[in-house]
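# An overview of the molecular structure
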Amino acid sequence: LEREWVTGRWQAMARTVKGMMKYRRALSIHLDAELPNLIQVERDIVLGLKFRCVAALQTYARYDEHVLSDVERLLVGYNGQGLAIAYIEERVVSHEEEIAELSQGETAVLSNAETKYFACLIDGGLREGSNSYFKKVPALSFKKAGETVTVQRHNRDRLAPTFEIELPGNPVYNGKADNQNASLIFTRGDVLNAIDMNQEGYMEEALKLPCLLREFAMPASSGPPPSIVGFKEHIFSSIGALGDFAASSERVFGTLVQRTMAYPLWSRCHYGHPDMLDKIDQMAQGGMSKGDKRLNLSEDIFAGMDAILRGRHIAYRDYIQVGKGRDMGVDSILGFFSKLSVGTADMTTTRQAFRMGQRLSLGRLLGFYYAHIGSYLGQLHYFHSSYLLISLAYLGAAAEGTQLLSAASATGALMDSMLGPIAILFIASSLLPLVFVLLAEEGWVSAISSPLRQLAHLSPVYFLVQSRVIGASFSREFSQGGGGYVATGRGLGIFHLPFHEIYVFLSEMCYYPAADYCLLLIAWPLAGPMKVGIFAAFFAWFNALSLLLGPSLFNPGCFHNPRRPFAQWCKLKFERRALTFEDDHSGVLSDVGTWLTWLLRAPPPDERSGATPRPNPKRSWEESFRKRIEDRRGVEWYSLVLPSKEALMAVPLLLITYKAMQPRGWEVWHMFILACPLPSLFVVSLLTPLLRWALLLRNRDNQGTLSDLSGPGCAVSPHGATGGPQRQTTSGARALNRARNAARVSRRLAAHLPRRRASARP
């Protein structure tokens with residue numbers, strides 16, 4: 001009972017399943033009202049044809065005994081009510097007798113084993129003989145190593161699948177998309193309801209299900225019926241300041257924004273919300289989600305884009321809703337928006353976005369742009385505009401101070417007239433949509449009190465940090481790529497996060513730009529006259545301090561005072577081999593101590609091999625730097641020559657420096673010393689393709705060595721074969737190439753070795 005109580009108040013899967021199973025109860029109530037004379041057997045048959053809840057548990061075959069027992073308990077609780085479990089199973093189809101003879105905990109190594117993948121469904125239909133227990137099978141795990149497969153039987157059993165469909169290969173490429181598409185084949189009916197694990201259903205809303213299903217039979221004005229029908233969400237995770245901010249943003253997007261996008265803009269797509277989808281349309285366009293984990297990182301939106309390109313429309317209704325929980329921690333919320341930004345950047349390069357740009361009318365195209373790509377570009381442009389105004393004011397003051405240009409400090413007037421209004425417009429755009437939503441749904445009292453409460457909780461500081469994370473992630477994905485799925489989690493935001501973990505995540509997005517802001521604002525009065533008002537100066541420092549202190553400000557326990565002195569804390573943390581936070585884990589001094597420890601700690605060697613392990617950015621600064629280098633190793637060369645704000649400021653700063661140092665005897669060649677990073681960066685970017693090409697040729701030349709000839713099947717026979725016609729064309733040719741390469745390497749080595757002097761003896 002305690003676990004069920006906690007599950008009903010946590011963002012757990014059991015809560016979602018229980019909420020979706022209320023649809024069956026609502027349909028049963030409607031059936032009793034319309035056909036009261038049906039017997040129970042006939043009623044169950046009709047409800048089975050109308051409703052099925054498929055819980056897609058992709059890794060069910062690899063769960064431990066605790067999770068398996070929970071899944072079985074959930075299936076027993078809804079036995080015979082339409083609940084089914086879908087998952088993907090890897091299976092060795094050969095050596096069945098050897099696998100069947102394995103006892104619990106035993107391991108077998110199989111050679112030439114054939115593995116296949118199956119989409120399986122458990123609906124509780126298989127029983128153990130005449131009793132009522134579910135049939136179970138042994139839980140196995142497989143590990144491939146070359147041509148051998150290690151099979152291990154665990155000390156647990158799982159439920160046996162009722163239906164199996166062989167798949168052509170391993171479909172697990174993009175987790176959520178493949179999970180949905182693999183379970184799609186086990187659904188029945190014409191309408192699908194996609195639901196995430198952080199959502200739930202309500203009984204009073206489930207009674208409106210027949211009205212929502214009727215929407216698919218009602219065509220739009222002079223058009224076909226909708227392919228997707230969306231509806232509202234009730235956010236139940238507004239706990240704490242960050243939870244309130246995230247819930248308000250989700251409420252605005254799920255009501256006002258989507259309602260406007262559906263009509264009159266006709267540009268709404270599918271966003272992973274609990275939309276109802278036409279199953280025939282989804283099967284015709286290749287499934288509910290696209291499966292490329294790089295290009296289709298935001299996999300849900302492509303269902304709506306394909307529907308629009310096929311001439312269908314997407315409707316939105318306000319009369320029904322489901323519950324939804326959002327992230328509540330600073331790291332999970334910002335990680336979620338970073339993932340959305342990267343997914344949107346990848347979405348703009350797809351053929352669906354290109355075709356929509358060609359085929360949509362101007363009104364629908366503008367609606368699609370400003371609700372998707374333009375929204376993320378606007379977050380990026382706010383940072384660029386504020387940075388541009390501050391840097392121009394600094395350059396003008398420096399140019400006038402060095403007498404390079406007279407009256408150049410007038411650029412401060414540009415900042416004085418524009419920075420303040422831009423900042424106020426940014427804050428208003430973050431709060432006014434919430435005011436309109438609350439005014440329409442709850443009245444003017446809530447419309448005034450809720451934004452004021454958020455302002456008291458420093459919501460502009462948080463929204464500025466969030467805007468910078470969105471813009472930086474969007475820009476970095478466009479210039480460098482390499483984005484991927486970010487696991488955010490749905491836990492309560494009540495635990496303190498160590499500062500070095502926040503620093504690893506937000507250093508390039510927030511802390512480095514904040515340092516640039518602070519340097520410009522501090523060096524400004526030293527460079528020349530500062531002709532700017534208090535209003536603009538306040539918002540300039542507000543931007544800098546928000547990016548610098550905002551992430552730590554919303555970290556729980558950031559002002560907690562540790563019981564130990566700071567020096568003792570640093571000594572204790574530095575002596576530990578791993579960062580552990582059992583006690584006194586929050587507070588300013590604690591964060592400074594752990595951050596210094598993170599900076600100074602060397603990466604520990606691997607205990608088994610002694611080599612340097614895979615870099616973990618949260619363990620030390622050195623490993624964080626190595627991880628960053630590895631991530632950027634696959635960046636294309638032309639991304640290095642893309643203009644940046646630092647490179648654009650370098651040219652006027654060089655001119656100002658030359659003018660200031662000219663009375664002290666500096667010549668033009670002195671400027672080349674300061675300008676070395678720019679031409680060297682340009683030359684490196686141009687030489688990178690040539691270096692890669694040279695390394696590729698070198699690897700091809702030195703591919704074979706003398707040690708390669710000792711491998712199995714590599715002996716060169718007089719006929720150039722080691723057995724069989726197929727072997728003659730593969731292994732024999734490879735061995736011959738290795739021998740030639742080895743001879744070439746030995747000749748090169750002999751050319752560099754000192755020649756031995758010939759002996760005079762006969």
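Residues numbered from 1 in each chain as written. Predicted model: local features only at pLDDT ≥ 70, side-chain atom pairs only at ≥ 80, totals over all residues. Heavy atoms only, no water.

### Focus on the overall build of the chain
The helix and strand tally for the chain stands at 29 helices and twelve strands. Here the chain holds 762 residues, and the buried ones make up 41% of them. Excluding contacts between residues fewer than 6 apart, the proportion of contacts in the chain whose partners are at least 24 apart in sequence is 75%. Accessible surface, the chain: about 41,400 Å² in total, of which carbon and sulfur atoms supply 60%. (Helix = DSSP H or I, 4+ residues; strand = E, 2+ residues; numbered from the N terminus. Buried < 20%, exposed > 50% of the residue type's maximum accessible area, 1.4 Å probe, protein only. Contact = heavy atoms within 4.5 Å. Areas by Shrake-Rupley, 256 points an atom, 1.4 Å probe, with all protein chains shown as cover.)

### Let's talk about the packing of aromatic side chains
Aromatic ring pairs are reported here in terms of the distance separating the ring centres and the angle at which the planes meet. Scanning the entire structure with this criterion turns up 27 aromatic pairs. Between Tyr382 and Phe426, the aromatic rings sit 4.4 Å apart at their centres with planes inclined by 10°, giving stacked as the arrangement. You can see Tyr382 sitting in helix 16 (residues 373–401) and its partner Phe426 sitting in helix 17 (residues 411–441), a full 44 residues away along the chain. Neither residue differs from the other here; Tyr382 and Phe426 are each classed as buried. (Phe/Tyr/Trp six-rings, centres within 6.5 Å; stacked < 30°, edge-to-face > 60°.)

### As for the sheet that holds strand 3 (residues 107–111)
Strand order across the open sheet formed by three strands is 3-6-5, with antiparallel pairing between neighbours. Edge positions in the open sheet fall to strand 3 and strand 5 (136–145), since each of these has one partner strand only. On average, each strand axis in the sheet is tilted by 35° relative to the strand beside it, whichever way the strands run. Where strand 3 and strand 6 (residues 148–159) come together, five bridges link them in antiparallel fashion. Paired with Ser111 across the strands is Thr148, a residue of strand 6. (Pairing = 2+ DSSP bridges. Axes fitted to C-alpha atoms, helices over the stretch in contact; angles between N-to-C directions.)

### Notes on the environment of Arg619
As for its position among the elements, Arg619 is in the loop between helix 23 (588–600) and helix 24 (621–631). Measuring from C-alpha to C-alpha, the distance between Arg619 and His500 comes to 8.9 Å, with 119 residues separating the pair along the chain.

### With respect to unusual backbone geometry
Residue Pro264 is bonded to the preceding Tyr263 through a cis peptide linkage, with omega at 15°. As for its position among the elements, Pro264 is in the loop between helix 10 (240–262) and strand 11 (276–278). For Trp266, which is not a glycine, the phi torsion comes out positive at approximately 55°. When you line up the elements, Trp266 lands in the loop between helix 10 and strand 11. Not every positive phi belongs to a glycine, and Leu458 is a case in point at roughly 60°.

### Describing the packing of helix 16 against helix 17
Following both chains from N to C, one finds helix 16 and helix 17 inclined at 160°, their axes separated by 9 Å at the closest point. On the basis of the axis angle, helix 16 is roughly antiparallel to helix 17. Of the two elements, helix 16 crosses helix 17, and the hand of that crossing is left-handed. Within the contact between the two elements, helix 16 uses Gln379, Tyr382, Ser385, Ser386, Leu389, Ile390, Leu392, Ala393 and Gly396 and helix 17 uses Thr411, Gly412, Leu414, Met415, Met418, Leu419, Ile422, Ala423 and Phe426. Of the residues that constitute the contact of helix 16 with helix 17, the class distribution is twelve nonpolar, six polar and no charged. (Parallel < 35°, antiparallel > 145°, perpendicular 65-115°, else oblique. Left-handed = near helix turned anticlockwise from the far one by under 90°. Nonpolar A, V, L, I, M, F, W, Y, C, P; charged D, E, K, R; others polar.)

### Some thoughts on helix 3 (residues 22–34)
Given a rise of 1.5 Å per residue, 13 residues ought to cover 18 Å, and the 18 Å separating the end C-alpha atoms of helix 3 matches this to within 8%. Among the residues of helix 3, those classed as buried are Tyr23, Arg24, Ala26, Leu27, Ser28 and Leu31. Contacts from the buried residues of helix 3 go to helix 2 (13–20), helix 4 (40–50), strand 8 (191–193), helix 8 (203–206), helix 9 (209–214) and strand 12 (314–324). (Expected span 1.5 Å × (residues − 1).)

### Quick notes on the nonpolar core
In terms of nonpolar packing, the biggest core is built from 80 residues, with Met305, Met347, Ile390, Met415, Tyr462, Leu506 and Trp524 touching the most fellow members. With sequence-adjacent residues up to four places away left out, Met347 is seen in contact with Leu295, Ile301, Phe302, Met305, Ala353, Phe368, His372 and Ile373. Counting 39 residues, the second largest nonpolar core, distinct from the first, contains Ala26, Ile85, Ile122 and Phe134. (Core = buried A, V, L, I, M, F, W, Y, C linked by side-chain atoms within 4.5 Å.)

### Description of a negative patch on the surface
Together, Glu96, Glu97, Glu98 and Glu101 make up a region of like negative charge exposed at the surface. Within the secondary structure layout, Glu96 lies in helix 6 (residues 96–100). Take Glu96: its relative accessible area is 55%, and that puts it in the exposed class. (Patch = residues over 30% accessible without salt bridge, like charges linked within 9 Å, V, L, I, M, F, W, Y side chains within 5 Å. Salt bridge = Lys/Arg side-chain N within 4 Å of Asp/Glu carboxyl O. Lys, Arg positive; Asp, Glu negative; His and termini not counted. Charge placed at Lys NZ, Arg CZ, Asp CG, Glu CD.)

### Details of the sheet that holds strand 1 (residues 53–56)
Across a sheet, paired strands are connected by hydrogen bonds in the backbone, their directions being either parallel or antiparallel. Ordered in space as 1-2-4-7, the four strands form an open sheet in which the pairing is mixed. Each edge of the sheet is formed by a strand with only one pairing partner; in this case those strands are strand 1 and strand 7 (163–167). Shown here is a sheet whose adjacent strand axes are inclined to one another by a mean of 30°, direction ignored. For strand 1 and strand 2 (residues 83–92), the ladder comprises four bridges, and the chain directions are parallel. Of the residues in strand 2, the one forming a bridge with Cys53 is Leu83.

### Some remarks on the pattern of salt bridges
For side chains of opposite charge, pairing can occur when their charged atoms come near one another. Throughout the structure, instances matching the rule amount to 23 salt bridges. Close ionic contact of Glu89 with Arg91 constitutes a salt bridge, the shortest N to O distance being 3.0 Å. Put simply, Glu205 and Lys208 hold a salt bridge, and the shortest N to O gap is 3.1 Å. According to the relative accessible area criterion, Glu205 is buried, its value standing at 10%. A residue is classified by how much of its surface remains accessible, and Lys208, at 28% relative accessible area, is partly exposed. Three or more residues joined by partner-sharing salt bridges are found here, namely Glu89, Arg91, Arg158 and Glu164.

### Overview of the environment of Ser338
Locating Ser338 in the fold gives a position in helix 13 (residues 330–347). Overall, Ser338 belongs to the buried group, its relative accessible area being 5%. It is 9.8 Å that separates the C-alpha atoms of Ser338 and Arg468, two residues lying 130 residues apart in sequence.

### A few points about the pairing of strand 2
Counted residue by residue, strand 2 has eight buried out of ten residues, so it is predominantly covered. As a crossover connection, the stretch from strand 1 through helix 5 (residues 65–77) into strand 2 is right-handed. Sheet topology places strand 2 next to strand 4 (residues 115–122); eight bridges connect them, and they run antiparallel. Residue pairing for strand 4: Ile85 is matched across the bridge by Ile122. (Right-handed = clockwise from strand over helix to strand, strands pointing away.)

### Overview of the confidence of the model for the chain
Averaged over every residue, the pLDDT of the chain is 80; residues scoring 70 or more account for 80%. Ignoring residues within four places in sequence, the model shows residues 703–736, a span with pLDDT below 50, making 31 contacts including any to other chains. Scored below 50 in pLDDT, residues 748–762 makes two contacts in the model with residues more than four places away or belonging to other chains. (pLDDT = per-residue confidence, 0-100.)

### A look at the pairing of strand 10 (residues 228–235)
The side chains of a regular strand alternate between the sheet's two faces. Of all eight residues making up strand 10, seven are buried, and the element is well covered by its neighbours. Direction of pairing for strand 10 relative to strand 11: antiparallel, over a ladder of two bridges. For Ile228, the partnering residue across the bridge sits in strand 11 and is Leu277. Sheet analysis places strand 10 next to strand 12, joined by eight bridges and oriented parallel.

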